Amino acid sequence: MEVNRRDFLKIAGAGIGTLVLPSLDVKAAAIPGNLENAHAMLYDATKCVGCRACQVACKKRAGLPYVMDENQLYEMPTDLNGDTWTIIKLYQDTETYSYVKKQCMHCVAPACASVCPVAALEKTPEGPVVYHSYKCIGCRYCMTACPFDVPKYEWDETNPIIQKCDFCADLQAAGQQPACSAACPTGALISGTRAEMLAIAHQRLADHPDQYFNHVYGEYEVGGTSMLYIAGISYEKLGYPTLKNQPIPDITWPYMKAVPFVFFGMAGAMSAIYYWTHRNKEEEEG
Amino acid sequence: MATGVNNIRLRKYPVGVGMIIVWIAGAIGLSVAAYRWIVGLRITNMSDNRPWGIWISFDMMSGIGLAAGAFSIAAIVYIFNIKKLYPIVRPTILTGFISYILAALTLLADLGLPQNIWHLIIYWNIHSPLFEIGWCVMVYTTVLLLEFSPVVLEALGWKAPLKLIQSITIPLVILGISLSTMHQSTLGTMLLAMPYRIHPFWYSPLMPVYFFLTAIAAGMAMTVFESYHSARTYQQKFEIGIASKITSWIPYVLGLYLVIKVVDVIVSGTYIYLIQDPWPTFMFLIEIMGGALIPALMFADKRVRSNPSGLVWASFLLMGGLILNRFNSTLVFMNGDFYFPSAAEIAVSIGLTCLGIIMFDAAIRFLPMYPNPREKQASKSLENAA
C-alpha cells in the first residue's frame, strides 16, 4: 500500500495526478505547456540528412541488438520493433522528399500510462514516459491504446516485455542530452525544455514560412507531446496521424470516475427492488 | 444421512461420440496452451501492429459477454422474485462460473507474463479500465463460486456451511449484479481508449452501454441455448415454459439497444460511412439485422417462443450477434496489420471452450444440478434412464 501511495503522489507531481485526485482540477493535465519546463526534443525534418546517427546512438545506449539476417549480416529494420526504439524513415514522391524520425512521443498525458492496469508505464515529472518491466503482466493494452503505435513487443521471447524509447531518462537525470540528439550532426534534433523547443519551432516557422508546413506537430495533439516536430510537408505523409487535442486519458476517465456510483447505485436499486418484491410473505411463497 | 465425499455418486448418463470429440479437442487445446508457456507467444500470429488476437476477441470479450446470463437470471429470480425460473438458476450460475474460469485460463495463455497476473493486486492504476475489469472478474468469480457452492455442499451433505452460504445469498446476488454491471460495461470503456483505431460504426461514447445491454440479452439467449442442449444430452425435459419466459424480456433489452444505436448513428453522423465503406457497412448490417433485430423480432413472437427449435435458432442468432459485435470492434475493424489466427491460437480457443463443456458435464454427473423441489423428479427420471 505504501508503494502505491508513493506512486500516486509521484504521478500527481507530473500533473496527471490531477486525474487521480478528483479534488484537483482535472483539466489541468490536458493543457499543453503544462510541462513547459520538462525535457522535450524538437525534430526539424528539413534539417535531417538521414544519416541515422541517432538510430545507432540509440541502439548503443539502450544496448539493443542489431537486426541480422540469416547470414548474420546487418539488416535495416523497416519500423520500430522490439529491438528498435527509434528509426529514420524517408518519404518520397515525384516532387518532394522528407526524412522523418520515429520514437515514443512522450505525451503530456499518455494513453499508455493511463490504460496500464498495473501502472508499469509512468509519466515522470521530468518529461520521459518510462516503463517498469518488473510490474508488467504483458496484456499489451498500451500497444493498442497508443495513438502513435509506439510500444513494441518481444514476440520471440518466452518472457516478453514492452520495448519503447525511454527518452534516456537516466542520462537526462545526470544532466546529459538524450543519446540521439547528442549524436545528431546537423542540428535536426535538439533537446531542451518544452517551452524552449516550442519557441524555437515557432520562430523557424515564422522566419521561413515558405520552407515549412505551418504546424508544430505535438504541440496540441492528444494534449501535447514532449517530442515536437516541424517539417516541410504534411505530417500525414510522414506517417503521423491527424489527432484531436483531447488527451486519451480524458476520454476514459469520466467513465472510470463513474464506476463507484454505478456500483453503489446498482446495489441500492437492487436492494430497493428486493424489498419491494418481497414486501409481503404470501407473494414470496406464491 | 452420511456426509462427506462418499455421498457424491456418479449419475450414469450415456457418453456420446460428441463428448469424446470434446475430450480430445480439450486435451489438444490444453497441450498447446502448455506448449505456449514453454515457447512463448511466437506460436501465435499476433504482431506489433496486431497485439490482440482471437483470445481477446473470442475467449475474453465474447466469453464474458455470453456469461452475463448468470447475473441477469440471479437478479430475475432472487431480486425480482420470479420464482418460476428457479429450476434453471443452478445450471446458469454454473455456466457463468465456468465461463469466468475459462476467461482466467485464457488470460494465462494470452498474457505475455502470466506468472505476473497477481500484480493486479499489488500495483494499482485506478485510471485503467482493465484494472477495474481484472478486479471485478477476480471478485465476481469468487462470488460465483460462493453462489454455486450450495450445490457442492448439498452433495457432500454439509449442513452448517450450507446454511451459512444460504443466509448470505441475497447480498451475494446483489454484489454479483453490481460487479457484472461494472465490468460488462467497462469492457466497452476499455475500447474507448482507441478512438483512432476502431471504425466509427463501433466506436461510440455509448460503447459501455452497448456492451452491457448486448451482454444481458445474449447472456439470456446463452442460458436458453445451454438448457436446450443439456436437456437433450442428459435426457431431461426441456423447460420450454421457462425458456419462453426468459426470452420474452429479450426484445425489450434489444429494442432499447437498437433504438439507442440508431439514434447514435444518426446524431453522431456516422451514417455517412454507410455509403463510403462497403465492407464495414456489410458487417455492421449483418450484425445489427441478423444479430439483434431478427432475434428481437423472433423472441417477440409467441409462436417462436413456444417452439423449441425457434427458441434455439433465435438464441443462436443473438449469441452470434454478440460474438460478431465483439470481433468487429476488437479485431476486424480495429486498425492494424492483417491477422488470421494461427493453428495454435484456434486450438487453444476451441480447447478452452471444450474444457468448459467437460467441466459442465462433470458437474451434471457428480452434483445435484437441479434444486430441491425437483430433485425427486430428476432422480426418478434417472432411474428410468438407468
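Residues numbered from 1 in each chain as written. Chains lettered and ligands numbered in written order. Predicted model: local features only at pLDDT ≥ 70, side-chain atom pairs only at ≥ 80, totals over all residues. Heavy atoms only, no water.

Each helix and strand counted, chain B has 17 helices and zero strands in total. A compact globule built from 386 residues would reach a C-alpha radius of gyration of about 21 Å, and chain B, at 21 Å, matches this within 12%. Along the three orthogonal principal directions, the C-alpha set of chain B runs to about 70 × 55 × 40 Å. The 386 residues of chain B split such that 60% are buried. Just so you have it, chain B exposes about 15,900 Å², and 72% of that area is on carbon and sulfur atoms. (Helix = DSSP H or I, 4+ residues; strand = E, 2+ residues; numbered from the N terminus. Rg over C-alpha atoms; globule rule 2.2 N^0.38 Å. Buried < 20%, exposed > 50% of the residue type's maximum accessible area, 1.4 Å probe, protein only. Areas by Shrake-Rupley, 256 points an atom, 1.4 Å probe, with all protein chains shown as cover.)

Let us now look at the domain arrangement of chain A. Annotation of chain A at the domain level lists domain 1 (31-246) and domain 2 (255-285). Each of domain 1 of chain A and domain 2 of chain A has a C-alpha centre, and these two points are 50 Å apart. (Domains from an automatic or database assignment.)

Right, let's get into the pattern of salt bridges. For the structure shown, the criterion picks out nine salt bridges over all chains. Residue A:Arg61 is joined to A:Asp170 by a salt bridge in which the shortest nitrogen-to-oxygen separation is 2.6 Å. A residue pair is termed long-range when its members are at least 10 positions apart, and A:Arg61 in helix α3 (residues 53-62) and A:Asp170 in helix α6 (residues 169-173) qualify at 109 residues. A salt bridge links A:Arg140 to B:Asp110, with the nearest nitrogen and oxygen atoms 2.9 Å apart. Taken as a pair, A:Arg140 in the loop between β5 (129-131) and α5 (141-145) and B:Asp110 in helix α4 (residues 89-110) lie in two separate chains rather than in one. Taken as a pair, A:Arg140 and B:Asp110 share a single burial class, namely buried. (Salt bridge = Lys/Arg side-chain N within 4 Å of Asp/Glu carboxyl O.)

For the rest of this paragraph, the subject is the packing of α4(B) against helix α6 (residues 129-156) of chain B. All names here are of chain B. For the pair α4 and α6, interaxial distance at closest approach is 9 Å and the crossing angle is 140 degrees. One element, α4, and the other, α6, form an angle in the oblique class. For the pair α4 and α6, the sense of crossing is left-handed. Every residue of α6 that contacts α4 at Arg90, Ile93, Leu94, Gly96, Phe97 and Tyr100 is listed here: Val137, Tyr140, Thr141, Leu144, Leu145, Glu147, Phe148, Val151 and Glu154. Of the residues belonging to the contact of α4 with α6, the class tally is 10 nonpolar, two polar and three charged. (Axes fitted to C-alpha atoms, helices over the stretch in contact; angles between N-to-C directions. Parallel < 35°, antiparallel > 145°, perpendicular 65-115°, else oblique. Left-handed = near helix turned anticlockwise from the far one by under 90°. Contact = heavy atoms within 4.5 Å. Nonpolar A, V, L, I, M, F, W, Y, C, P; charged D, E, K, R; others polar.)

Attention now goes to the interface of chain A and chain B. Across the boundary between the two partners, chain A contributes 64 residues, which contact 59 residues of chain B. Approximately 5,300 Å² of surface area, both sides summed, lies buried where chain A meets chain B, with 62% of it carried by carbon and sulfur atoms. Across the chain A-chain B interface, the total number found is two salt bridges. Between the two partners, chain A and chain B, sit 31 residue pairs in polar contact (both at pLDDT 80 or more). (Buried area = accessible area lost by both parts, 1.4 Å probe. Polar contact = N/O pair within 3.5 Å; in protein donor to acceptor, adjacent residues only side chain to side chain.)

Counting 195 residues, the largest nonpolar core has A:Tyr43, A:Tyr141, A:Phe148, A:Tyr229 and B:Leu191 as the members making the most contacts within it. For this core, the element with the most residues is helix α9 (residues 207-233) of chain B, which contributes 15 residues. Looking at this core, you find at least three residues from each of domain 1 (31-246) and domain 2 (255-285) of chain A. Residues in contact with A:Tyr229, not counting those within four places in the same chain, are A:Leu42, A:Tyr43, A:Val100, A:Lys101, A:Lys102, A:Gln103, A:Met105, A:His215, A:Val216, A:Tyr217, A:Tyr235 and A:Tyr240. Formed by five residues, the second largest nonpolar core is a distinct cluster that contains B:Met19, B:Val22, B:Cys354 and B:Ile358. (Core = buried A, V, L, I, M, F, W, Y, C linked by side-chain atoms within 4.5 Å.)

A separate point is unusual backbone geometry. Apart from glycine, the bulk of residues carry a negative phi angle, and the bulk of peptide bonds sit in the trans form. Residue and element names in this part refer to chain A. One non-glycine residue with positive phi stands out, namely Asp149, at about 55 degrees. Turning to its location among the elements, Asp149 is positioned in the loop between α5 and β6 (152-153). With a phi close to 60 degrees, Phe167 is a non-glycine residue in the positive phi region. Looking at the element boundaries, Phe167 is found in the loop between β7 (162-163) and α6. We classify Phe167 as buried; its relative accessible area is 2%.

This part takes up the packing of aromatic side chains. Considering all chains together, one arrives at 33 aromatic pairs over all chains under this definition. Centroid distance A:Tyr274 to A:Tyr275: 5.4 Å. Interplanar angle 80 degrees. Geometry classified as edge-to-face. Classification of A:Tyr274 as buried rests on a relative accessible area of 17%. Judged by its relative accessible area of 60%, A:Tyr275 falls in the exposed class. A ring pair is formed by B:Phe71 and B:Phe212, whose centres lie 6.2 Å apart and whose planes are at 20 degrees; its orientation type is stacked. Within this pair, whereas B:Phe71 is found in helix α3 (residues 69-79), its partner B:Phe212 is found in helix α9, the two being separated by 141 residues in sequence. Under the relative-accessibility criterion, B:Phe212 is labelled buried at 16%. Lying across the ring of A:Tyr240, A:Lys102 places its NZ or CZ 4.5 Å from the centre. Directly above the aromatic system of A:Trp276 lies the positively charged group of A:Arg279, at a separation of 4.0 Å from the ring centroid. (Phe/Tyr/Trp six-rings, centres within 6.5 Å; stacked < 30°, edge-to-face > 60°. Lys NZ or Arg CZ within 6 Å of the ring centre and 35° of its normal.)

With that settled, consider the side chain of B:Ser185. Residue and element names in this part refer to chain B. Mapped onto the fold, Ser185 is located in helix α8 (residues 169-192). Residue classification places Ser185 among the buried positions, given a relative accessible area of 16%. Here the side chain of Ser185 touches Thr181 through a polar contact of 2.7 Å, landing on its backbone oxygen. Those residues in contact with Ser185 that sit more than four places away from it in its chain are Ser180, Pro208 and Phe212.

For helix α2 (residues 54-66) of chain B, spanning 13 residues, the distance from its first C-alpha to its last is only 16 Å, which falls clearly below the expected 18 Å at 1.5 Å a residue. Counting buried residues along α2(B), 11 of its 13 residues qualify, which places the element largely inside the surrounding structure. (Expected span 1.5 Å × (residues − 1).)

Our next topic: the packing of α9(B) against helix α11 (residues 250-268) of chain B. Residue and element names in this part refer to chain B. Two elements in contact, α9 and α11, have axes whose closest approach is 9 Å; the angle formed by their N-to-C orientations is 150 degrees. Our classification of the angle between α9 and α11 gives roughly antiparallel. Every pair of crossing elements has a handedness; the one defined by α9 and α11 is left-handed. Residues Val209, Tyr210, Leu213, Thr214, Ile216, Ala217, Met220 and Ala221 of α9 lie in contact with α11, whose contacting residues are Ile250, Val253, Leu254, Leu256, Tyr257, Ile260, Lys261 and Asp264.

Hydrogen bonds along the backbone pair up the strands of a sheet, which may run parallel or antiparallel. Residue and element names in this part refer to chain A. With mixed pairing, the three strands of this open sheet are ordered in space as β8-β1-β9. Edge strands, defined here as strands with exactly one partner in the open sheet, are β8 (189-193) and β9 (227-230). If you compare each strand with its neighbour and ignore which way they point, the axes differ by 25 degrees on average. Against the sheet, helix α8 (residues 194-207) touches β1 (39-44), β8 and β9, its axis set at about 130 degrees to β8. (Pairing = 2+ DSSP bridges.)

Residue and element names in this part refer to chain B. Position of Arg50 relative to the elements: it lies in the loop between α1 (17-39) and α2. Not counting residues within four places of it along the chain, the set of residues in contact with Arg50 comprises Leu331, Met334, Asn335, Gly336, Asp337 and Tyr339. In terms of polar contacts, Arg50 uses its side chain to reach the backbone carbonyl oxygen of Leu331, at 3.1 Å. In terms of polar contacts, Arg50 uses its side chain to reach the backbone carbonyl oxygen of Met334, at 3.1 Å.

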